[in-house]
Amino acid sequence: IAIAAPCDYSEFAMMLEYAITIHDGPIAIRYPKGIWKEKLFENDQLNFGKGVKIKTGKDVTIAAVGSMVETALKVAEILESAGIDAEVINARFVKPLDSSLLINSVSSTKRLVTLEDNVIKGGFGSGVLELLSQNGIYYPVKIFGFPDEPILHGSRNEIFRKYKMDVQSISEEIRKFVAS
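Here the structure is a predicted model, which is why all the values come from computation and not from measurement.

Conventions we followed
- Residues numbered from 1 in each chain as written.
- Predicted model: local features only at pLDDT ≥ 70, side-chain atom pairs only at ≥ 80, totals over all residues.
- Heavy atoms only, no water.
- Axes fitted to C-alpha atoms, helices over the stretch in contact; angles between N-to-C directions.
- Helix = DSSP H or I, 4+ residues; strand = E, 2+ residues; numbered from the N terminus.
- Parallel < 35°, antiparallel > 145°, perpendicular 65-115°, else oblique.
- Contact = heavy atoms within 4.5 Å.
- Nonpolar A, V, L, I, M, F, W, Y, C, P; charged D, E, K, R; others polar.
- Buried < 20%, exposed > 50% of the residue type's maximum accessible area, 1.4 Å probe, protein only.

(A) Focus on the packing of helix 3 (residues 99-109) against helix 4 (residues 124-134). Packing of helix 3 against helix 4 leaves a shortest axis separation of 11 Å and a crossing angle of 75°. By the angle between their directions, the pair helix 3 and helix 4 is classed as roughly perpendicular. On helix 4, the residues that touch Ser99, Leu102, Ile103 and Val106 of helix 3 are Val128, Leu131 and Leu132. Partitioned by chemical class, the residues of the contact of helix 3 with helix 4 number six nonpolar, one polar and no charged.

(B) Spotlight on unusual backbone geometry. Here the bond from Lys95 into Pro96 is cis, since omega is 0°, no more than 30 degrees from zero. You can see Pro96 is positioned in the loop between strand 6 (93-95) and helix 3. Backbone geometry places Lys110, a non-glycine residue, at a positive phi of 70°. Position of Lys110 among the secondary structure elements: in the loop between helix 3 and strand 7 (112-119). The class for Lys110 is partly exposed, based on a relative accessible area of 38%.

Below, the structure written as structure tokens:
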């Protein structure tokens, strides 16, 4: 099964049209509750299993899926003001992963951070770790996501703050990660 995770309404529409008219086989399109942007960045093309580099950087790669792409862009802005040049990738697909995009990026920056609004265990970040390991790539990696436990109820902002998945918490953790 293919698993797609759009970052905005425009990408969701492209993925839905692709799933209905082109894709042969099972596909799941994952989209979170909450407020989305109509269009986070200019890109009117969808290629199956391919992500998009939204911002080029040299100090750390931030690979994100779904609603966390917007978070990644905000984090990159904060990091830039701290002198850290982050590359931002919208992975688009949890399965299959865009191997060449991820490997090329982390081979350049030498550090990788993954962001997902999902459980870490068995999620996007875990898949990326498998990909890197299978290709003999061993750079530092930090995965942001939810623990494998029942998540308390609350507003999206409250939950993301509690689990340190908000923009400020992620920015602080990445600063420490890059400095280590």
